[in-house]
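The residues making up each chain are set out below.
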Amino acid sequence: MKLGDSSAIISQIRERLFVTGDIKEDNKSAVCDTVLMKAVKNYELRHGYAPKNTILSEHINDFNIPVSDRIKTIIANMERCRWIDPELEKGKKYIEVNIPEFRLYIVEDGKIAFISPVVVGRTMTKTVIFSGMMNNIVFSPYWNVPPSIIKSEIKPGMAKDKNYLAKKNLEWNNGAVRQLPGKNNSLGLVKFLFPNSSNIYLHDTPSKSLFERESRAFSHGCVRVAKPRELAIELLKDDPKWTPERIDKAMHAGKESWYTLKKKVPVYIGYFTAWVDREGQLNFYKDIYQKDESLIKLLTEE
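Here we summarise the structure given alongside this text. (Residues numbered from 1 in each chain as written. Predicted model: local features only at pLDDT ≥ 70, side-chain atom pairs only at ≥ 80, totals over all residues. Heavy atoms only, no water.)

Taken together, 3 strands build an open sheet; the order of strands is β5-β7-β6 and the sheet is antiparallel. Only two strands of the sheet have a single partner each, and these edge strands are β5 (143–144) and β6 (170–173). For β6 and strand β7 (residues 176–179), the ladder comprises 4 bridges, and the chain directions are antiparallel. What sits directly across from Leu-170, in β7, is Gln-179. (Pairing = 2+ DSSP bridges. Helix = DSSP H or I, 4+ residues; strand = E, 2+ residues; numbered from the N terminus.)

Spelled out as structure tokens, the structure:
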């Protein structure tokens, strides 16, 4: 349904959006007007949808999720809040990634200083939930291909094409495989490291079109950042030697270089399918890794 359409369903949607607080007045109209579409857009943004200026069946299905189910989701996410290290938010500056929201934040002095869309791990290669301390930025990085990808992708590719490595800008390195720095490198032009046992990190990507998708679970587990240059600028803004021009030069140097942060930055990668944002709005996101049901069961069992 689009602007100008009329239907009895429109009046039901209007009532629902009034109950959820997305529209301030329910005038009972069955016509899809600009006021209703603005309310639908607000609902979409709070529920992880890209605004489409059209009411689709997926939105109707979302409207019909029982309030009792929403309450269970809230309870599950209140429990997840208890798992966060209380020291995290005491820090002057920290990074948080919410996997179901596909978004990264930098919080500084209690306020959001930076936001970027991200791509996270697909269902078979989930991004791990954990906290760490960012200590290095690597410009024009090599990509050291994990053994699992060498086995599943590289070796089969080499078996079919003897020039496979050269075509992919790959080379052997001490018995392993790595991809040379450059714009087509799978890590893009910069990566951000915070040591952890799962070898998860933030990085650029040449696959920019994926950030236009509504659901962005496509990676092998690491977190791809839509605005890596801006992230580097934000992290280095207190170092006068690292101007945006110098960052650009390092990113496009074609030669790997490492920078050690003068002060480590806490990073928290979390999984919240419901949370209240800093404007006080309750947000819900799709449970992409199907984690809610088992947690709700544990919390509600007698």
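Here Cys-32 is to be found in the loop between α1 (8–19) and α2 (34–46). By relative accessible area, which is 1% here, Cys-32 ends up buried. Considered as a pair, Cys-32 and Ile-10 are 22 residues apart in the sequence and their alpha carbons are 6.3 Å apart. Setting aside residues up to four positions removed in sequence, Cys-32 forms contacts with Lys-2, Leu-3, Gly-4, Asp-5, Ile-10, Met-37 and Ile-55. (Buried < 20%, exposed > 50% of the residue type's maximum accessible area, 1.4 Å probe, protein only. Contact = heavy atoms within 4.5 Å.)

It is worth spelling out the pairing of strand β1 (residues 93–98) at this point. With respect to burial, β1 is a largely interior element, 6 of its 6 residues being buried. Neither face of β1 is exposed, since Lys-93, Ile-95 and Val-97 on one face and Tyr-94, Glu-96 and Asn-98 on the opposite face are all buried. With 6 bridges joining them, β1 and strand β2 (residues 103–108) adopt antiparallel strand pairing. Bridging across to β2, Lys-93 finds its partner in Glu-108. Count of turn residues in the β1/β2 antiparallel hairpin: 4 residues, of which Phe-102 carries a positive phi of about 55 degrees.

Here we come to the packing of helix α7 (residues 228–235) against helix α8 (residues 244–251). Running from amino to carboxyl end, α7 crosses α8 at an angle of 130 degrees, the nearest separation of the two axes being 10 Å. Between α7 and α8, the angle falls in the class oblique. Judged by the twist between their axes, the crossing of α7 over α8 is right-handed. Every residue of α8 that contacts α7 at Arg-229, Ala-232 and Ile-233 is listed here: Pro-244, Ile-247, Asp-248 and Met-251. Residues that form the contact of α7 with α8 fall into these classes: 5 nonpolar, no polar and 2 charged. (Axes fitted to C-alpha atoms, helices over the stretch in contact; angles between N-to-C directions. Parallel < 35°, antiparallel > 145°, perpendicular 65-115°, else oblique. Left-handed = near helix turned anticlockwise from the far one by under 90°. Nonpolar A, V, L, I, M, F, W, Y, C, P; charged D, E, K, R; others polar.)

Turning our attention to the side chain of Thr-54. Along the polypeptide, Thr-54 turns up in the loop between α2 and α3 (57–63). Apart from residues no more than four positions distant in its own chain, Thr-54 is found in contact with Met-1, Lys-2, Met-37, Glu-44 and His-59.

Those residues of α8 not exposed but buried are Ile-247, Ala-250 and Met-251. Buried positions in α8, seen along its axis, are confined to an arc of 100 degrees and lie on one side of it. In α8, those exposed residues whose orientation departs by more than 90 degrees from the buried face are Glu-245 and Lys-249. Residues of α8 that are buried sit in contact with β4 (130–139), β8 (190–193), α7 and β12 (257–270). (Arc of directions from axis to C-beta.)

Across all of its chains, the model carries 17 salt bridges by this definition. Residue Glu-101 is joined to Arg-103 by a salt bridge in which the shortest nitrogen-to-oxygen separation is 3.8 Å. The class for Arg-103 is partly exposed, based on a relative accessible area of 34%. Between Asp-239 and Lys-262 there is a salt bridge, with its nearest N and O atoms 3.6 Å apart. On the criterion of sequence distance, the pair formed by Asp-239 in the loop between α7 and α8 and Lys-262 in strand β12 is long-range, its members being 23 residues apart. Residue Asp-239 is classed as buried on the basis of its relative accessible area of 8%. Connected through shared salt-bridge partners, Lys-52, Glu-58 and Glu-214 make up one network. (Salt bridge = Lys/Arg side-chain N within 4 Å of Asp/Glu carboxyl O.)

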